[in-house]
Amino acid sequence: MFSGIIEELGTVVAARDAGTTRRLSIEAPSFAGQLKPGDSIAVDGACLTATELEGDRFSVDVIGTTLSRTVAGGYRTGSRVNLERALSVGARLDGHLVQGHVDALGHLTSVRKDGEYWLLDFEVPEDVDALLVPHGSITINGVSLTVNAMPGPRKLQVGIIPFTWEHTNLSSLSPGDPVNLEGDLIGKFVARFMAVRDRNPDLDLKRLGEMGY
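Analysis parameters
Residues numbered from 1 in each chain as written. Predicted model: local features only at pLDDT ≥ 70, side-chain atom pairs only at ≥ 80, totals over all residues. Heavy atoms only, no water. Core = buried A, V, L, I, M, F, W, Y, C linked by side-chain atoms within 4.5 Å. Buried < 20%, exposed > 50% of the residue type's maximum accessible area, 1.4 Å probe, protein only. Helix = DSSP H or I, 4+ residues; strand = E, 2+ residues; numbered from the N terminus. Contact = heavy atoms within 4.5 Å. Pairing = 2+ DSSP bridges. Axes fitted to C-alpha atoms, helices over the stretch in contact; angles between N-to-C directions. Phe/Tyr/Trp six-rings, centres within 6.5 Å; stacked < 30°, edge-to-face > 60°.

Peer 1: I tried to follow the nonpolar core on my own but got confused; where do I start?
Peer 2: In a soluble, globular protein the nonpolar side chains are often hidden away together inside. Formed by 22 residues in total, the largest nonpolar core has its most connected members in Phe122, Ile138, Ile140 and Val158. Among the secondary structure elements, those contributing two or more residues to this core are β7 (104-114), β8 (117-123), β9 (137-140), β10 (143-149), β11 (155-160) and β12 (178-182). Once residues within four sequence positions are removed from consideration, Val158 is found in contact with Trp118, Leu119, Leu120, Phe122, Ile138, Ile140, Leu145, Thr146 and Asn148. Judged by nonpolar contacts, the second largest core, of 19 residues, contains Val12, Phe31, Ala32 and Val62.

This is how it looks when you write it as structure tokens:
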């Protein structure tokens, strides 16, 4: 589990393809030395496992579904990636609950500066759009953000403060670039519950509540 608060902007120093697997070596001077094999790390919001450690670098293997649903297939030497280690029990939750399970890819459509901050507009798939609410939470490339506006169907706008602009890879995006999206966890449960209830109108809601649902 993650919070969407980026700890470091890392750099891909090697990307090697081997069949259906892609091994990435990532430089992260501030915390690579604190990792151990098997640790979970969100790389642009995708939960991956540290498999090898060497100095200020760590390696992860990206396979099958993750390659098809995330931007990991496009990483090259020099790509900058947003990094966050898994939450520790008792830590402050400064962002929102993030699983590191990327739901889909979105695409940046425009960037404009408005005073001291930036407004970024994205086109998102229907299943992610269904989870959006004004001022709700969305994770973009692993960054916990607030939905600033929903300008139209499958349209999402977020505001980026200077600190986030300087310390994440959102500032390097250009219109047309893909991004990893993870919808709000609570929204997913609500959507699933409503879908089940629609299919089962006689569902005993009181009984579900007693069971802890």
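Alright, that's what it looks like, and here's the rest.
Peer 1: Can you walk me through the sheet that holds β12 in this structure?
Peer 2: Pairing in this closed barrel of six strands is antiparallel, and the strands run β7-β8-β11-β10-β9-β12 around the ring. Each strand of the sheet is rotated relative to its neighbour by a mean of 45 degrees, with strand direction disregarded. With seven bridges joining them, β7 and β8 adopt antiparallel strand pairing. What sits directly across from Arg112, in β8, is Leu119.

Peer 1: How do you make sense of the packing of aromatic side chains when you look at a structure like this?
Peer 2: Pairs of aromatic rings are described using the distance from one ring centre to the other and the angle between the two planes. This structure, assessed with the given rule, holds one aromatic pair. Between Trp118 and Trp165, the aromatic rings sit 4.3 Å apart at their centres with planes inclined by 5 degrees, giving stacked as the arrangement. In this pair, Trp118 sits in strand β8 while Trp165 sits in helix α3 (residues 162-167), placing the two residues 47 residues apart along the sequence. Accessibility classification places Trp118 together with Trp165 in one group, the buried group.

Peer 1: Would you explain the environment of Phe58 in this entry?
Peer 2: As for its placement among the helices and strands, Phe58 is situated in strand β5 (residues 57-63). The spacing of Phe58 and Leu24 is 34 residues in sequence and 8.3 Å in space, taken between C-alpha atoms. Contacts of Phe58, omitting those with residues within four sequence positions, involve Leu24, Ser25, Ile26, Ala28, Ala32, Leu35, Ile41, Glu52, Leu53 and Leu83.

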